[in-house]
Amino acid sequence: MNRDQLQKFVQYLITVHHTEVLPTAQKLADEILSQNSEINQVHGAPDPTAGASIDDENCWHLDEEQVQEQVKLFLSQGGYHGSGKQLNLLFAKVREMLKMRDSNGARMLTLITEQFMADPRLSLWRQQGTAMTDKYRQLWDELGALWMCIVLNPHCKLEQKASWLKQLKKWNNVDVCPWEDGNHGSELPNLTNALPQGANANQDSSNRPHRTVFTRAIEACDLHWQDSHLQHIISSDLYTNYCYHDDTENSLFDSRGWPLWHEHVPTACARVDALRSHGYPREALRLAIAIVNTLRRQQQKQLEMFRTQKKELPHKSLTLITNLEGWVGHPLDPVGTLFSSLMEACRIDDESFSGFSDFTENTGQCKSLEYQHLPAHKFLEEGESYLTLAVEVALIGLGQQRIMPDGLYTQEKVCRNEEQLISKLQEIELDDTLVKIFRKQAVFLLEAGPYSGLGEIIHRESVPMHTFAKYLFTSLLPHDAELAYKIALRAMRLLVLESTAPTGDLTRPHHIASVVPNRYPRWFTLSHIESQQCELASTMLTAAKGDVRRLETVLESIQKNIHSSSHIFKLAQDAFKIATLMDSLPDITLLKVSLELGLQVMRMTLSTLNWRRREMVRWLVTCATEVGVYALDSIMQSWFTLFTPTEATSIVATTVMSNSTIVRLHLDCHQQEKLASSARTLALQCAMKDPQNCALSALTLCEKDHIAFETAYQIVLDAATTGMSYTQLFTIARYMEHRGYPMRAYKLATLAMTHLNLSYNQDTHPAINDVLWACALSHSLGKNELAAIIPLVVKSVKCATVLSDILRRCTLTTPGMVGLHGRRNSGKLMSLDKAPLRQLLDATIGAYINTTHSRLTHISPRHYSEFIEFLSKARETFLMAHDGHIQFTQFIDNLKQIYKGKKKLMMLVRERFG
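Residues numbered from 1 in each chain as written. Predicted model: local features only at pLDDT ≥ 70, side-chain atom pairs only at ≥ 80, totals over all residues. Heavy atoms only, no water.

- Labelled according to an unreviewed UniProt entry, the protein chain appears under the name Zinc finger swim domain-containing, originating from Lynx pardinus.

Some thoughts on the overall build of the protein chain
- Looking only at helices and strands, the protein chain features 38 helices and two strands.
- Across the 914 residues of the protein chain, 50% fall into the buried class.
- In the protein chain, of all internal contacts separated by at least 6 residues, the share reaching a separation of at least 24 is 72%.
- Element-wise, carbon and sulfur atoms account for 54% of the exposed surface of the protein chain, whose accessible area totals about 46000 Å². (Helix = DSSP H or I, 4+ residues; strand = E, 2+ residues; numbered from the N terminus. Buried < 20%, exposed > 50% of the residue type's maximum accessible area, 1.4 Å probe, protein only. Contact = heavy atoms within 4.5 Å. Areas by Shrake-Rupley, 256 points an atom, 1.4 Å probe, with all protein chains shown as cover.)

Examining the packing of aromatic side chains
- Considering all chains together, one arrives at 20 aromatic pairs under this definition.
- Aromatic side chains Phe 116 and Trp 140 sit 5.3 Å apart centroid to centroid with 90 degrees between the ring planes, which places their arrangement in the edge-to-face category. Highlighted residues: Phe 116 in helix H5 (residues 104-117) and Trp 140 in helix H7 (residues 134-151), separated in sequence by 24 residues. Across the pair, exposure class does not vary: Phe 116 and Trp 140 are buried alike.
- With a centroid separation of 5.2 Å and 65 degrees between ring planes, the pair formed by Tyr 239 and Phe 253 is classed as edge-to-face. Linking Tyr 239 in the loop between helix H10 (228-235) and helix H11 (265-277) with Phe 253 in the loop between H10 and H11, this pair joins segments that are 14 residues apart in sequence.
- Overall, Phe 253 belongs to the buried group, its relative accessible area being 4%.
- One aromatic cluster is present, built from ring pairs that chain together Phe 91, Phe 116, Trp 125, Tyr 136, Trp 140, Trp 147, Trp 171 and Phe 214.
- A cation sits over an aromatic face here: Arg 137 above Tyr 409, 4.7 Å from the ring centre.
- In this structure, Arg 744 packs its charged tip against the face of Tyr 713, placed 4.6 Å from the ring centre. (Phe/Tyr/Trp six-rings, centres within 6.5 Å; stacked < 30°, edge-to-face > 60°. Lys NZ or Arg CZ within 6 Å of the ring centre and 35° of its normal.)

Some remarks on the packing of helix H36 (residues 864-878) against helix H37 (residues 884-898)
- Running from N to C, H36 and H37 cross one another at 145 degrees; their axes reach a closest spacing of 8 Å. Facing Leu 871, Ala 874, Arg 875 and Phe 878 of H36, the residues of H37 in contact are Gly 884, Gln 887, Phe 888, Phe 891, Ile 892 and Leu 895.
- Of the residues that constitute the contact of H36 with H37, the class distribution is seven nonpolar, two polar and one charged. (Axes fitted to C-alpha atoms, helices over the stretch in contact; angles between N-to-C directions. Nonpolar A, V, L, I, M, F, W, Y, C, P; charged D, E, K, R; others polar.)

Some remarks on unusual backbone geometry
- Look at Arg 101: it is not a glycine, yet its phi comes out positive at around 55 degrees.
- Even without glycine at this site, Asp 333 takes up a positive phi of about 45 degrees.
- With relative accessibility at 26%, the residue Asp 333 sits in the partly exposed group.

Section: the environment of Pro 120
- On the secondary structure map, Pro 120 appears in the loop between H5 and helix H6 (121-128).
- Spatially, the C-alpha atoms of Pro 120 and Ser 76 are 9.0 Å apart, while their sequence positions differ by 44 residues.

Some details on the pattern of salt bridges
- Using the criterion set out here, one finds 46 salt bridges in the structure.
- The salt bridge involving Arg 211 is made with Glu 180; its shortest N-O contact spans 3.6 Å. Of this pair, Arg 211 sits in the loop between helix H8 (158-172) and helix H9 (215-220) while Glu 180 sits in the loop between H8 and H9; the two residues are 31 residues apart in sequence, bridging distant segments of the chain.
- With a relative accessible area of 6%, Arg 211 lands in the buried category.
- Between Arg 808 and Asp 805 there is a salt bridge, and its shortest N-O distance comes to 2.8 Å. Highlighted residues: Arg 808 and Asp 805, both in helix H34 (residues 800-812), separated by three residues, approximately one helical turn. (Salt bridge = Lys/Arg side-chain N within 4 Å of Asp/Glu carboxyl O.)

Things to note about helix H33 (residues 783-796)
- Between its first and last C-alpha, H33 extends 20 Å over 14 residues, near the 20 Å set by a 1.5 Å rise per residue.
- Residues of H33 that are buried: Glu 785, Leu 786, Ile 789, Ile 790, Val 793, Val 794 and Ser 796.
- On its buried face, H33 sits against helix H31 (742-755), helix H32 (768-781), H34 and helix H35 (837-857). (Expected span 1.5 Å × (residues − 1).)

A closer look at the layout of surface pockets
- Here the largest pocket defines a volume of roughly 1200 Å³.
- Along the walls of the largest pocket sit 45 residues, with Arg 95, Gln 138, Asp 141, Glu 142 and Ala 145 positioned nearest its centre.
- Among the secondary structure elements, those contributing two or more residues to the lining of the largest pocket are helix H3 (64-76), helix H4 (83-99), H6, H7, H11, helix H13 (334-347) and helix H15 (408-426).
- Its residues assigned to classes, the lining of the largest pocket shows 16 nonpolar, 14 polar and 15 charged.
- Split by domain, the residues of the lining of the largest pocket number at least three in each of domain 2 (64-184 + 211-221) and domain 3 (228-240 + 248-348 + 374-463). (1 Å grid on protein atoms, 1.4 Å probe; cavity = no way out; pocket = protein on both sides within 12 Å on 5 of 7 lines; lining within 4 Å. Points joined across faces, edges and corners; volume = space filled by probe spheres on them. Domains from an automatic or database assignment.)

Let's talk about helix H21 (residues 565-579)
- Its 15 residues give H21 an end-to-end C-alpha distance of 21 Å, which sits within 8% of 21 Å, the value for a rise of 1.5 Å per residue.
- Taking burial as the measure, the 15 residues of H21 include 12 buried ones, the bulk of the element.
- Three or more residues of H21 are buried, namely Ser 565, His 567, Ile 568, Phe 569, Leu 571, Ala 572, Gln 573, Asp 574, Ala 575, Phe 576, Ile 578 and Ala 579.

Encoded structure:
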């Protein structure tokens with residue numbers, strides 16, 4: 001500022017804050033005007049806006065109490081009201097402080113950790129054996145990762161590290177300290193290679209202490225940055241050794257003289273994260289490039305080694321898992337760290353990255369700012385950029401063959417981490433350079449044997465590659481369809497569900513299936529994995545539309561690898577939808593694939609219970625109808641391998657014979673008859689196999705063919721005596737009457753009566769209507785038929801009110817009054833003194849007597865009036881007999897004698913009946 005501006009600045013400052021500043025301003029003015037004042041002895045003036053010197057360590061004031069209260073409050077809210085988000089913001093604040101090299105970062109994290117450790121829910125969950133919520137679990141992960149960053153600070157003092165280690169060990173030893181992999185103690189050895197592999201290295205895994213969220217940070221306290229090779233890598237862009245020819249596995253430089261960094265990969269990547277976190281982006285990038293170059297070289301060596309082994313041992317299946325610890329889903333997220341470090345370098349265009357100011361804009365299209373290094377940079381191949389390196393390392397990590405970890409949380413984390421990486425990759429548009437990398441990695445993945453999750457033979461418990469392969473497939477399809485299909489088809493397998501999968505020579509024998517040949521209860525994410533497998537198959541089906549050869553290959557793969565009927569059904573439906581899109585003619589090959597999958601579902605679910613089975617059967621008939629008349633004919637001819645007899649008659653044949661199907665298929669008379677003939681054959685076979693459930697459908701389907709109908713009727717008669725209930729027989733009998741076969745209906749009704757048994761108190765039984773109908777039918781046919789059915793009624797029905805109802809109906813009109821063919825019968829009413837009505841009358845009176853005694857055994861006063869009404873009905877029936885009056889009087893006298901103890905009731909009986 002010039003003199004005038006400064007003057008104005010001071011005057012305004014004093015005016016705005018005059019109450020606070022005025023006394024100080026006057027004091028300073030006096031000092032400035034005094035020749036000998038201390039202020040005039042100092043050259044210049046302090047600048048409160050300048051901050052610390054570039055070499056000073058920052059240390060701002062930290063309000064510890066406020067931090068503690070905030071964390072406590074957020075934790076008490078249990079993840080509600082956005083408290084998880086607030087805690088993540090606090091973690092971000094710690095990262096920001098580390099980047100600014102503010103020493104309060106570690107202090108703030110200590111305060112946060114103390115509150116986390118004091119969370120009362122920890123001991124509650126441990127006691128109850130319940131898992132903490134996923135979001136809360138992720139906060140603990142971030143906590144562990146931040147401590148890893150802090151202890152890996154390349155410039156921290158030894159005494160600082162010692163105090164952190166002490167603190168970490170203290171937390172680590174607390175009973176409720178969360179374990180690294182959720183509810184399960186990890187069975188992996190100390191993989192950071194930080195501790196010496198001494199006598200305890202091979203101790204039994206069950207005795208080994210559980211790895212907690214702090215274990216890796218504790219191990220990382222033993223790591224240092226003094227290695228001269230490491231120092232050279234991170235401090236110089238020009239560190240090369242062209243004369244270095246030691247091409248062994250752990251050599252310090254590759255054949256081009258570029259530096260390599262061999263260290264346990266997650267640990268090496270934790271160093272990159274630490275460098276980035278502590279404000280050393282250039283150093284982080286240099287180390288990241290060295291690690292990626294090391295991984296690429298390692299990949300090449302593994303491929304060569306596998307090819308050699310293959311030549312030497314062509315018949316041996318190599319299924320050794322080379323990675324017990326996968327990088328995707330790892331607590332330290334090594335692949336994510338490398339990817340984000342390299343992507344950050346693509347986008348940076350400010351002075352904080354001054355060491356890399358010689359960037360030129362990249363032609364590859366990232367959906368944001370992006371730069372590619374000039375070819376002058378030493379450690380990138382021609383045409384490569386940080387972007388290509390980031391993409392390649394992501395592909396290497398995602399394609400790594402790794403064992404499925406233990407425990408629900410770690411398994412979910414593998415899925416989540418994989419999906420996060422893929423979604424980041426999907427933001428990048430592929431140009432020719434990137435397509436080359438995809439091709440190169442895809443070929444490697446297919447050929448690299450046990451090192452790749454897409455190798456020829458993998459261990460049965462390898463993490464499946466469906467999600468990754470779907471991404472590779474869609475990315476490669478426009479550029480190299482053959483390679484895309486190779487990848488997707490190879491990835492379709494799901495060996496954990498196959499009993500014959502090779503077990504290999506894994507060093508964890510207790511995980512290899514010995515008892516359970518199929519599903520593993522410890523694959524907690526299996527349903528998600530199976531749905532991803534289904535998604536991959538669906539993607540291939542969609543892409544293969546119109547390509548007969550590819551569709552056949554995809555179909556074979558689905559039939560071989562997918563073990564869940566519901567997923568195969570979904571694929572069948574997907575294929576059907578794709579095949580019958582409105583804007584084009586149906587794709588007949590895809591329709592056939594859809595039908596083939598549908599048939600497989602039918603076979604799979606035929607003998608198992610499936611709540612969607614009815615929907616599946618209906619859908620299959622719809623699909624077969626679209627394929628054509630021969631498909632419908634085929635499913636009817638082989639019905640017994642696909643459907644139950646009930647499904648075949650009530651759904652399949654009935655739908656095939658409906659008018660809508662005939663119209664839909666534009667069938668001529670000959671085709672209609674051929675289809676109808678198949679339906680009738682099916683109906684008769686089903687009726688033979690399951691007459692109870694299929695006889696009626698069979699009769700309906702055979703109505704138009706006399707011989708078939710007679711055959712179906714005979715099947716019903718043969719089954720009636722043994723295998724059919726009265727309900728089924730009455731239903732068929734009523735159908736027969738409806739179709740105009742009263743004598744056949746009568747025959748079936750008499751057979752139904754022999755199966756029926758109605759006791760004295762079943763006066764609301766649903767079969768009563770059938771009995772009344774059967775008697776009415778017999779009565780309408782004539783005296784002989786009525787005479788034949790009454791003994792059956794008397795034998796089967798013991799309910800007095802039902803018998804009296806039948807008796808009353810039989811005396812109202814003459815039997816056969818409306819006989820066959822509608823001829824009127826002019827006969828007399830039947831006599832109650834002669835058979836068959838005399839037998840019915842006696843049975844009804846007997847039923848009233850028995851029912852009366854039964855009721856009186858357990859009668860209560862509130863039922864007395866109802867009982868008197870019942871006796872009144874009984875008297876009406878008694879009086880139908882010529883000596884009925886005498887019989888009824890005797891009956892009443894008997895009651896009064898036997899039940900004289902029931903005084904009130906007997907008084908009511910006397911009042912009504914004398």
